[in-house]
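Summary of the model geometry
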Amino acid sequence: MASPIFLLSDFGLRDAFVGAMRAVLARDAPGAPVHDVLHTLPPQDLDAARLQLAAVVPYLPDGAVLVAVVDPGVGTDRGGLALRVARADGARLWAVAPDNGLLSGLLETQRSPYGTPARAEAAWSLVRAALPPAGPGTTFDGRDLFAPAAARLARGDAPEGLGPPLDVAAAVRRPPPALRRDRHGWHGRVAWIDRFGNLVSDVPAAELPAAGWTLTVAGRRLAGPAVGFGAVAAGAPLAYVGSLGTVEVALRDGDAAGAWGVALGAPIEVEPR
Amino acid sequence: MASPIFLLSDFGLRDAFVGAMRAVLARDAPGAPVHDVLHTLPPQDLDAARLQLAAVVPYLPDGAVLVAVVDPGVGTDRGGLALRVARADGARLWAVAPDNGLLSGLLETQRSPYGTPARAEAAWSLVRAALPPAGPGTTFDGRDLFAPAAARLARGDAPEGLGPPLDVAAAVRRPPPALRRDRHGWHGRVAWIDRFGNLVSDVPAAELPAAGWTLTVAGRRLAGPAVGFGAVAAGAPLAYVGSLGTVEVALRDGDAAGAWGVALGAPIEVEPR
Amino acid sequence: MASPIFLLSDFGLRDAFVGAMRAVLARDAPGAPVHDVLHTLPPQDLDAARLQLAAVVPYLPDGAVLVAVVDPGVGTDRGGLALRVARADGARLWAVAPDNGLLSGLLETQRSPYGTPARAEAAWSLVRAALPPAGPGTTFDGRDLFAPAAARLARGDAPEGLGPPLDVAAAVRRPPPALRRDRHGWHGRVAWIDRFGNLVSDVPAAELPAAGWTLTVAGRRLAGPAVGFGAVAAGAPLAYVGSLGTVEVALRDGDAAGAWGVALGAPIEVEPR
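The following refers to the structure shown. In this text, all values refer to a predicted model and were calculated from it rather than measured experimentally.

1. Some thoughts on helix α1 (residues 17–28) of chain A
Three- or four-residue spacings in an α-helix give side chains the same orientation, since the helix completes a turn every 3.6 residues. All names here are of chain A. Counted at 1.5 Å a residue, the expected span for α1 with its 12 residues is 16 Å, and the 17 Å between its end C-alpha atoms agrees. Burial analysis of α1 places 12 of its 12 residues in the buried class, which makes it a mostly covered element. Of the positions making up α1, those classed as buried are Phe17, Val18, Gly19, Ala20, Met21, Arg22, Ala23, Val24, Leu25, Ala26, Arg27 and Asp28.

Written out as structure tokens, the structure reads:
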């Protein structure tokens, strides 16, 4: 059976971009289950894309193929790549994406039962001539380059057929982290705001003292970690360990970002107590 | 082959919440087809969730596993449950959800060729220790509790492995219906407004006289049932039997909710004629 | 194995309409992979639907079943049809839709490696009595007529079981094209605006001279074709061959429709140079 394929992009849901990728995947890897991770990423926002990659990588099944397309450089000469990733629990994953640093998100998974970090084992460049004929234009590599390459990996083809090997370290170059630490504590930021208005920070909970800590955001100080939403009354704020393994802030049954006027990138400070 | 799994939630489409659940399902129930029912439910609105459950339950294949997550109590000590449902056509379904009354929607299916109502046969509590290790935090039971439990049922594991049996009646406790009937007729409400602005009521058409009835909403009186949109001219209003089996009101080729300023919960009266 | 099924509609993502169709497909064609092409089409806009059909048809796998539901006539006596399409690369496709001209979009595919145009080989009318019992009401043929018919084709049933044959030419009647050509060049329009604000025209690039052309939109003149987004600086406009095979206009890393105030249907002129 073909391996499952997981799609993440900033293509949105207004166009048939994802539909065209699914057509190519069904054509080139018949029977491979195709799953949407997320397509409403802010356009061309590599930071947001890396964060959401980290949200799913720990849970992907062994052998899964991830296709990630956030691609401000489409139609330029930036390349594409396939990456083989070894997760600490022994699972091996494939990832296919533009060669723009996006895939470093796979390696930024937070502490989880499946271990952290994952490790990039090998990388290959994607060569167009190795793939089926493309559709018109040069602006839709999701359809013309990444989906056909992912389909080959999902059906078990060797990555060597996609193109020449790449230097792994270069392929997964990471942006400088926004997160800083000094003797006062962690200086992070609001890295994501979810549908419910919860503030997701980039401060890793596993690095904080079990005895507790104090968080400051938007002029408010909160003691953490709360064990869950049940720890406070409806409408009250709380700081807790979120589902990514980082510190989050919420208003129970409310919208913290909306109520406090907090935007993406706002600073979050966390001091050990 | 693993059974198909159907997902319904209020997780929205801005985050990778559904993607993470799909990763877990693909990991724990390889080959199980996964279908999205709906993820844009109004946050934490159990009434809306119950209505939309009722919209799909009559059509699910025998053996299907439904995962419904609308969960204002996540992170508190509310439990999770697995429910075995017998539909009147003989099909058996599984449902996995928070133990908050949400699953009563399965049993509120309207008259259909598959019979009404469905019947809850047995229920089990979900015990975390019976499932694979969870991800970080206590706020994402869709990923950490409901998806792993659903995967086990989809691959054919016995429900006894998930946790101890629960009292069925308690598990499916229903909220008091908003719908009332007196000697004048039915006093219902706008229970849903669909994408087209059509007003979906909670008044069951099967209980109304075949000879016809008169509906009042937003100060307008309409005779029903119209046999379909073709019964009136473009822009004209009509009252008809909707796809849930309840009375609906629409403007043909128009947006009744927008044009008339009707909101969710607005009263709808239906009198036999 | 059952054939893959692709869904396109204007049902949106606020309701369980797509979920109910998926339930029926999983019930009637177990194991058939189901893919969403697009569900956020502007309500009842047949032109938009035809354009997006053309975006995926060249890439669908041999044997795929396409279900397209944009159906202003639901609840009237308009019929439904199943169409067998032969693509120039030898692939055969099934399409199921209302008999309202929507499926002519399958035959309007632009030049692609898979050839153009596709050809309608045969058509059948859909007869309700040949299908499983429908759900309540007359307003949801996606669930009650098109999904059950598509499931039968996906599992390999003969189309003759769906209803009597139809005249193919009548079934795929095309609307008069908005595109005109005179001695000055092509007079097209903005046929779609994508998520990124790029202007997708209906002017086929394959008909334009390789030596280049000049495009006018919203009072701006641009030389084309640019080889891709990399041809200009960030923020600069460019005219290029888009992923549908027609001429498109974009602001690199920007939103052309928003910045220039261009709406769907705005004129686009293209003169050979």
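Alright, that's what it looks like, and here's the rest.
2. Observations regarding the environment of C:Asp47
Looking at where C:Asp47 falls in the secondary structure, it is placed in helix α2 (residues 46–56). Sequence separation between C:Asp47 and C:Leu208 is 161 residues, and the spatial gap between their C-alpha atoms is 23 Å.

3. A word on the relation of the copies chain B and chain C
Once chain B has been moved 0.0 Å along the axis and rotated by 120°, it coincides with chain C to within an RMSD of 0.0 Å. These values place the two chain copies in the arrangement generated by a three-fold rotation axis. Considering only C-alpha atoms, the part of chain B nearest the rotation axis is B:Pro33, at 4.2 Å.

4. Some details on the relation of the copies chain A and chain C
Superposing chain A onto chain C takes a rotation of 120° plus a shift of 0.0 Å along the axis, which leaves an RMSD of 0.0 Å. Mapped onto chain C, only 8% of the interface residues of chain A again fall at the interface, so the copies present different surfaces.

5. Quick look at the packing of aromatic side chains
All names here are of chain A. According to the stated counting rule, one finds 18 aromatic pairs over all chains in the structure shown. Centre to centre, the rings of Phe11 and Phe17 are 5.4 Å apart; their planes meet at 55°, and the pair counts as tilted. Here Phe11 matches Phe17 in class, with each residue buried. Between the aromatic rings of Phe229 and Tyr240, the centroid separation amounts to 5.2 Å while the plane-to-plane angle is 70°, which identifies the pairing as edge-to-face. One end of the pair, Phe229, is in the loop between β12 (220–224) and β13 (237–241); the other, Tyr240, is in strand β13, with 11 residues separating them in the sequence. Per residue, the accessibility class of Phe229 equals that of Tyr240, and both read buried.

6. Looking at the interface of chain B and chain C
Contacts between chain B and chain C engage 35 residues on the former and 35 residues on the latter. At the boundary of chain B with chain C, total buried surface from both sides reaches about 2,800 Å², with 59% on carbon and sulfur atoms. Interface area lost by chain B to chain C is led by B:Tyr59, B:Arg195 and B:Phe196, which between them contribute 26%. Counting the contacts that link chain B with chain C gives zero salt bridges. On the surface where chain B and chain C come into contact, there are 11 residue pairs in polar contact (both at pLDDT 80 or more). When residues of the side of chain B that touches chain C are traced back to their parent elements, those giving at least two are β2 (34–38), α2 (46–56), β9 (185–193) and β13 (237–241) of chain B. The leading source of residues in the side of chain B that touches chain C is β2(B), at five residues. A class-by-class count of the residues in the side of chain B that touches chain C yields 21 nonpolar, eight polar and six charged.

7. Description of the pairing of strand β4 (residues 80–86) of chain B
Residue and element names in this part refer to chain B. In terms of burial, β4 is largely enclosed, as six of its seven residues are buried. Here β4 pairs with strand β5 (residues 92–98) via seven bridges, running antiparallel. Bridging across to β5, Arg84 finds its partner in Trp94. Linking two consecutive strands that pair antiparallel, namely β4 and β5, is a turn of five residues; a positive phi of about 100° is found at Gly90 within it.

8. Quick word on the pairing of strand β3 (residues 65–69) of chain C
Regular strands place side chains that alternate from one sheet face to the opposite one. All names here are of chain C. Burial within β3 is extensive, with five of its five residues counted as buried. Sheet analysis places strand β1 (residues 5–9) next to β3, joined by five bridges and oriented parallel. Each residue of the ladder has a partner; that of Ser9, found in β3, is Val69. In the sheet, β3 pairs with strand β5 (residues 92–98) via three bridges, with the strands oriented parallel. When the bridges of β5 are listed, Leu66 appears paired with Ala95.

9. Things to note about the interface of chain A and chain C
Facing the 36 residues of chain A at the interface are 35 residues of chain C. Interface of chain A and chain C: buried area, both sides summed, is about 2,800 Å²; carbon and sulfur atoms make up 59% of it. Our enumeration of links across chain A and chain C arrives at zero salt bridges. In this assembly, chain A and chain C are joined by 12 residue pairs in polar contact (both at pLDDT 80 or more).

10. With respect to the environment of C:Asp10
Examined against the element boundaries, C:Asp10 turns out to sit in the loop between β1 and α1 (17–28). Using a relative accessible area of 3% as the deciding quantity, one classes C:Asp10 as buried. Sequence-wise, C:Asp10 and C:Val70 are 60 residues apart; in three dimensions their C-alpha atoms are separated by 5.6 Å. For C:Asp10, the residues in contact, after removing those within four places along its chain, are B:Arg195, B:Phe196, C:His39, C:Leu41, C:Pro42, C:Pro43, C:Gln44, C:Val69 and C:Val70.

11. Description of the sheet that holds strand β2 (residues 34–38) of chain A
Residue and element names in this part refer to chain A. Across the sheet, which stays open at both edges, the seven strands sit in the order β2-β1-β3-β5-β4-β6-β7 with mixed pairing between neighbours. The sheet is open, and its two borders are formed by β2 and β7 (165–166), each paired with just one other strand. Lying on the sheet, α1 is in contact with β1 (5–9), β2 and β3 (65–69); it crosses β1 at an angle near 155°. Here helix α2 (residues 46–56) sits on the sheet in contact with β1, β2 and β3, set at roughly 155° to β1.

What counts, and at which threshold
Residues numbered from 1 in each chain as written. Chains lettered and ligands numbered in written order. Predicted model: local features only at pLDDT ≥ 70, side-chain atom pairs only at ≥ 80, totals over all residues. Heavy atoms only, no water. Helix = DSSP H or I, 4+ residues; strand = E, 2+ residues; numbered from the N terminus. Expected span 1.5 Å × (residues − 1). Buried < 20%, exposed > 50% of the residue type's maximum accessible area, 1.4 Å probe, protein only. Least-squares fit on C-alpha atoms with pLDDT ≥ 70 in both. Contact = heavy atoms within 4.5 Å. Phe/Tyr/Trp six-rings, centres within 6.5 Å; stacked < 30°, edge-to-face > 60°. Buried area = accessible area lost by both parts, 1.4 Å probe. Salt bridge = Lys/Arg side-chain N within 4 Å of Asp/Glu carboxyl O. Polar contact = N/O pair within 3.5 Å; in protein donor to acceptor, adjacent residues only side chain to side chain. Nonpolar A, V, L, I, M, F, W, Y, C, P; charged D, E, K, R; others polar. Pairing = 2+ DSSP bridges. Axes fitted to C-alpha atoms, helices over the stretch in contact; angles between N-to-C directions.

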